[in-house]
Amino acid sequence: MGMTLTEQILAAHAGVPRVTPGEVIEVRADFVFANDITAPLAIREFERMGARRVFDPERVAIVFDHYVPAKDIASAEQCRIAREFARRHHLPHFYDVGRSGIAHVLLAEEGFVVPGDVFFGADSHSCNHGALGAFATGVGSSDLAAAMALGRLWMRVPETVRYEFRGRLRPWVTGKDLILHVIGDIGVDGGRYGAMEFVGEALQDLTMDERFSITNMAVEAGAMNGIMEADETVLAWVRPRARRPWTVYRSDPDARVAGVRTYDVSTLEPVVAVPASPGNVVPVREVAGVRVDQVFIGTCTNGRLEDLRLAARVLAGRRVHPETRLLVIPATPAVYRQALAEGLLQAFLDAGAAVSTSTCGPCIGGHMGVLADGEVCVSTSSRNFVGRMGHRQSRVYLANPAVAAAAAVAGRLVHPADVVRDLVPA
Amino acid sequence: MQLRGRAHLLGDHVDTDGIIPARYLVTTDPGELARHCFEDLDPTLRERIRPGDILVAGQNFGQGSSREHAPIAIKGLGVGAVVARSFAGIFHRNACNVGLPLVECAEARDRVRDGDEVEVDLTAGWVVNHTRGERYAITPLPPFMRYLLQSGGIVEYVRAALAAAEAGGAAP
């Protein structure tokens, strides 16, 4: 019997001819990273392990993205610990403020993760990189320390469930809506411990940015990884960026999967996840009219160039509602530069948005855009748990960038088509 | 290893933001993290927990972020073990790595009441409810995870691997 895409990659990195779901194996890591929150803990454990050097400085990155630029003395101290570690170990891929962006977007952009890789990141959204046809998963700081020391980590081989998207997407429906729809369908632990493999003709219509937002949120269904086969879209994206050779793996035709779920995407409408779970998914029209205090467009899920282009299409020539505030954060300096060159930032500023340097801050209620008691935010991020973006009585609706931008204009939740009647949708 | 304390009941899908909000992730100190543990989930919970107490939760405990600060905060409160119907994947690994015992037990959440005196007997594989005179079977840990816990966690595991590599000169 054959192996799925995930099993193929894991077997190759465990140095064995085949692996079986449930089996515990040790796999070689192609690339690992930690951020400013997870690195200090990882460094402490790395030192407790008696490790004197990282397994390969070329394959380790430290990316400051959560509390940067430092919001207070405590976060500045965390950055100092990680900064000193990076210098002491001569890590060439250390990203400090100004050169740094949101890790999942930055590392893919910089070509550190390529098809066929095993990638461990000390951040749960590391599963993001599965869109490249890599096995990518989030781990804690101790596991990351182990991976930095040994260049390998133990894994329980996940069962693969296949999610097949058929048909063509309707206007204003994006990759974000597909993954939200799936999470709403299977629940926040519907993919627990497993591999979510995304297939189907509808993927061909999606940009890389949309694909990343799908695999990025696999963890919100509890999955170990989300993954897609590297097709021509992926390779066209990888070719100019890759820092290493890559291997394209494909699921064997006779690979055993734990299940297949098929979705006809041509029936889908833009959706939102209502508070306080990414699994509470409803069509945006069902909750249209909910008053919105703040809109946030950014994060590792939807702070990429295509996301900003989509938001700008809705916002161009319009103004943010007087009782609503809009925060736009390009995910990386490269996204920022390109958005600047294309006039997107101008459109945001003209609409009355605050545009900020790359950071994860608002997504975690860390800094910038923290919500007050009772406030409502529409966010393009990935989580809307209680207290996620601030006060425990604040509420977050997760949405695609067009829905978010439309909410900023209307001051309430609304279908983008109801705001942009005169615009031909993307 | 035997653990005994009062039970505190929690629901399904307790997430890591509910365990330790991100605004406190500017420290790695267990005591400081414990002071804010469960703050957004139930602000009074941490004051009711005594050292050795047992959390009894529903499914998918620990969903969300990979922050290892979450099991560190729970351990910092002195919680003896977390019993749940199921755990989120990354949280499960992290708890094992920081030495917070997790017990998967389908029956406990249905039978245990808040304040019951419960005992987790990892050796025999039971959750014993002394208040009600009942016991519930624990789902055994996968062998490799048991081995990791017994060998002192991931730190000791890596330390041994590094020492072996140095002694043998082979790749670890």
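Just above sits the structure.
This one's a predicted model, so the numbers in the text were calculated from it and none came from an experiment.

Caption draft 1: Focus on the overall build of chain B. When you go through chain B residue by residue, the secondary structure sums to eight helices and seven strands. Against the globule reference of 16 Å for 172 residues, chain B gives a C-alpha radius of gyration of 17 Å, in line with a compact fold. Overall, the C-alpha framework of chain B stretches about 55 × 40 × 25 Å when taken along its three principal axes. Among the 172 residues that make up chain B, the fraction classed as buried is 56%.

Caption draft 2: Spatial organisation of the nonpolar core. Residues Leu107(A), Leu132(A), Phe165(A), Met196(A) and Phe198(A) are the most contacted members of the largest nonpolar core, which totals 63 residues. Residue contributions to this core peak at six residues, all from helix α6 (residues 175-186) of chain A. Sequence-distant contacts of Leu132(A), defined by excluding residues within four places in its chain, comprise Ala108(A), Val113(A), Pro115(A), Met208(A), Phe212(A), Met228(A), Ala230(A), Val234(A), Trp237(A) and Val238(A). Counting 57 residues, the second-largest nonpolar core is a separate cluster that includes Ala51(A), Ala122(A), Val157(A) and Tyr157(B).

Caption draft 3: Structural detail: the pairing of strand β3 (residues 60-63) of chain A. All names here are of chain A. With burial as the criterion, each face of β3 is covered, one bearing Val60 and Ile62 and the other bearing Ala61 and Val63. Relative to β3, strand β2 (residues 31-35) is paired through four bridges, and the arrangement is parallel. Across the sheet, Ala34 pairs through a bridge with Ile62, a residue of β3. Relative to strand β4 (residues 93-95), β3 is paired through three bridges, and the arrangement is parallel. Across the sheet, the residue bridging to Ala61 is His93, located in β4. Handedness of the crossover joining β3 and β4 through helix α3 (residues 73-88) is recorded here as right-handed.

Caption draft 4: Representation of the pairing of strand β5 (residues 117-121) of chain B within the structure. The buried fraction of β5(B) is high, at four of five residues. The turn joining β5(B) and strand β6 (residues 126-129) of chain B, which pair antiparallel and follow one another in sequence, is formed by four residues; a positive phi near 85° is taken by Gly125(B).

Caption draft 5: Inspection of the interface of chain B and chain A at higher detail. Opposite the 46 residues of chain B that make contact, chain A presents 47 residues. Of the roughly 3900 Å² buried between chain B and chain A on both sides combined, carbon and sulfur atoms contribute 55%. Of all residues in chain B, the largest losses of buried area upon contact with chain A belong to Val26(B), Asp40(B) and Arg93(B), amounting jointly to 16% of the total for that side. Run the count over chain B and chain A and you get three salt bridges. Of the charged contacts in the structure, one is a salt bridge between Arg52(A) and Glu166(B), with a shortest N-O distance of 2.8 Å. Applying the counting rule to chain B against chain A returns 21 residue pairs in polar contact (both at pLDDT 80 or more). Elements represented by at least two residues in the side of chain B that touches chain A include exactly α4 (69-76), α5 (89-98), α7 (143-150) and α8 (153-168) of chain B. Along the lines of polarity and charge, the residues of the side of chain B that touches chain A split into 20 nonpolar, 15 polar and 11 charged.

Caption draft 6: Region of the structure containing the packing of α6(A) against helix α7 (residues 208-216) of chain A. Residue and element names in this part refer to chain A. At a minimum axis separation of 8 Å, α6 and α7 run at an interaxial angle of 20°. In terms of orientation, α6 lies roughly parallel with respect to α7. Along this stretch, α6 crosses α7, giving a crossing that reads as right-handed. In contact with Gly175, Lys176, Leu178 and Ile179 of α6, α7 contributes Glu210, Ser213 and Ile214. Tallied by class, the residues present in the contact of α6 with α7 amount to three nonpolar, two polar and two charged.

Caption draft 7: Fine view of the sheet that holds strand β4 (residues 102-104) of chain B. All names here are of chain B. Strand order in the open sheet formed by seven strands is β4-β3-β2-β1-β5-β6-β7, with mixed pairing between adjacent strands. Because the sheet does not close on itself, it has two edges, and the strands there are β4 and β7 (134-137). Shown here is a sheet whose adjacent strand axes are inclined to one another by a mean of 30°, direction ignored. Both β6 and β7 contribute to a ladder of four bridges, which runs antiparallel. Paired with Val127 across the two strands is Tyr136, which belongs to β7.

Caption draft 8: A look at the packing of aromatic side chains. Tallying each qualifying case throughout the model produces 17 aromatic pairs over all chains. With a centroid separation of 5.5 Å and an interplanar angle of 90°, the aromatic rings of Phe46(A) and Phe85(A) are classed as edge-to-face. Residue Phe46(A) is found in helix α2 (residues 38-48), and its partner Phe85(A) is found in helix α3; the two are separated by 39 residues along the sequence. Note on Phe85(A): relative accessible area 0%, which makes it buried. Note on Phe87(B) and Phe91(B): the rings are 6.5 Å apart at their centroids and 10° apart in plane angle, and the pair reads as stacked. Assessed through its relative accessible area of 0%, Phe87(B) is described here as buried. In this structure an aromatic cluster arises from ring pairing among Phe31(A), Phe33(A), Tyr95(A), Phe112(A) and Phe119(A). Note that Arg93(B) overlies the ring of Trp154(A), its terminal NZ or CZ placed 4.0 Å from the centroid. Looking at Arg135(B), its charged tip hangs above the ring of Trp126(B), at a distance of 4.0 Å from the centre.

Caption draft 9: Examining the environment of Pro92(A) more closely. All names here are of chain A. Residue placement: Pro92 occurs in the loop between α3 and β4. Judged by relative accessible area, which is 44%, Pro92 ranks as partly exposed. Along the primary structure Pro92 and Ile62 are separated by 30 residues, whereas in three dimensions their C-alpha atoms are 9.4 Å apart. Non-local contacts of Pro92, meaning those with residues more than four positions away in its chain, are made with Pro57 and Glu58.

The rules behind these values
Residues numbered from 1 in each chain as written. Chains lettered and ligands numbered in written order. Predicted model: local features only at pLDDT ≥ 70, side-chain atom pairs only at ≥ 80, totals over all residues. Heavy atoms only, no water. Helix = DSSP H or I, 4+ residues; strand = E, 2+ residues; numbered from the N terminus. Rg over C-alpha atoms; globule rule 2.2 N^0.38 Å. Buried < 20%, exposed > 50% of the residue type's maximum accessible area, 1.4 Å probe, protein only. Core = buried A, V, L, I, M, F, W, Y, C linked by side-chain atoms within 4.5 Å. Contact = heavy atoms within 4.5 Å. Pairing = 2+ DSSP bridges. Right-handed = clockwise from strand over helix to strand, strands pointing away. Buried area = accessible area lost by both parts, 1.4 Å probe. Salt bridge = Lys/Arg side-chain N within 4 Å of Asp/Glu carboxyl O. Polar contact = N/O pair within 3.5 Å; in protein donor to acceptor, adjacent residues only side chain to side chain. Nonpolar A, V, L, I, M, F, W, Y, C, P; charged D, E, K, R; others polar. Axes fitted to C-alpha atoms, helices over the stretch in contact; angles between N-to-C directions. Parallel < 35°, antiparallel > 145°, perpendicular 65-115°, else oblique. Left-handed = near helix turned anticlockwise from the far one by under 90°. Phe/Tyr/Trp six-rings, centres within 6.5 Å; stacked < 30°, edge-to-face > 60°. Lys NZ or Arg CZ within 6 Å of the ring centre and 35° of its normal.

As far as function goes, none of this settles anything; it's purely spatial.
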